[in-house]
Amino acid sequence: MKPAVKRIIFFAALIVFWELGSRFELWHETILPSPVSVYDSLVAGFADMTLVYDLAASFRRLLIGLVAAVIIGTGVGILLARSKTADETLGTLVLALQSVPSIVWLPLAMMWFGLGEGSIIFVVILGGTFVMILNVRTGIKNVDPLFIKAARTMGSNGLDLFIKVIIPASVPYFVTGARLAWAFAWRALMAGELLSSGPGLGYTLRYASDFGNMSLVIGVMIIIGVVGAIVDLMIFQRIENNVLKRWGLET
């Protein structure tokens, strides 16, 4: 049985159990609304364009933050891989900051940039940058020495060696870093939008929670999860698998 069919069967069974539990009142509607109530809230949200504007705003912030995170992460990662001094100093700081959850940066971002777009994008950038830095650094440092020796015997050195041998050999790590950066940036975005003034999925999630609209809360959570899964499976996982196969790292 194909994985896609297994997923469909699993989620169909989960929804049926959820609906039956609601109908037989195994839990209260205010705690976990039925799938029908959640569906109605989502339809209403898309019909009045609220969720459409939220998705557009969230994706705009994500795109800006993710692009900046990948660019910064790639540059700093190359620096750490090529400079022992930078790796022993700045690299230690990156390792320390990488363990700090993105939401922790939000109060500082609000002090620096206010409650607007700047603070949210700042948190998104931090969410994706550190993991990108570490993957780029690891990829360059793990290049097979045989590749480098072979290239040098053919007269390749310096920048030519770095561009034509080291960077191509590190591409799988770059792609994995970008995939992880997307995941961390997406989570950071949702956390940042919870305290924003809207629009955005995180803002609507908090707004619905404040007014006790659990159907919309669950609906927005489903949208966040579905978007994350679709982007990861349909885009980043496919790119990563193609790169790994082309580089001979996966059959």
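What you are looking at is a predicted structure, and each value in this text was computed from that prediction instead of being measured. (Residues numbered from 1 in each chain as written. Predicted model: local features only at pLDDT ≥ 70, side-chain atom pairs only at ≥ 80, totals over all residues. Heavy atoms only, no water.)

## Details of the overall build of the protein
Summing up its helical and strand segments, the protein has 10 helices and zero strands in all. When its helices and strands are written in sequence order, the protein yields α-α-α-α-α-α-α-α-α-α. Relative to its 251 residues, the protein shows a buried fraction of 41%. When the 19 basic and 16 acidic side-chain charges of the protein are each reduced to a single mean position, those positions are 14 Å apart. (Helix = DSSP H or I, 4+ residues; strand = E, 2+ residues; numbered from the N terminus. Buried < 20%, exposed > 50% of the residue type's maximum accessible area, 1.4 Å probe, protein only. Lys, Arg positive; Asp, Glu negative; His and termini not counted. Charge placed at Lys NZ, Arg CZ, Asp CG, Glu CD.)

## Here we look at the UniProt feature "domain: ABC transmembrane type-1" (unreviewed entry) in the protein
UniProt annotation of "domain: ABC transmembrane type-1" (unreviewed entry) refers to residues 55–235 when read in the numbering used here. In this annotation, residues 55–235 is assigned 85% helix and 0% strand; the end-to-end C-alpha distance for the span is 18 Å. (UniProt positions renumbered as here; feature names shortened; annotations may be inferred.)

## Things to note about the packing of helix H3 (residues 50–82) against helix H8 (residues 158–193)
Where H3 meets H8, the closest approach of the two axes is 8 Å, and the angle between their N-to-C directions is 140 degrees. One finds that H3 runs oblique with respect to H8. Between H3 and H8 the crossing geometry is right-handed. Contact residues: Ser-58, Arg-61, Leu-62, Leu-66, Thr-74, Ile-78 and Arg-82 in H3; Phe-162, Ile-166, Ile-167, Phe-174, Ala-181, Trp-182, Ala-185, Trp-186, Leu-189, Met-190 and Glu-193 in H8. (Axes fitted to C-alpha atoms, helices over the stretch in contact; angles between N-to-C directions. Parallel < 35°, antiparallel > 145°, perpendicular 65-115°, else oblique. Left-handed = near helix turned anticlockwise from the far one by under 90°. Contact = heavy atoms within 4.5 Å.)

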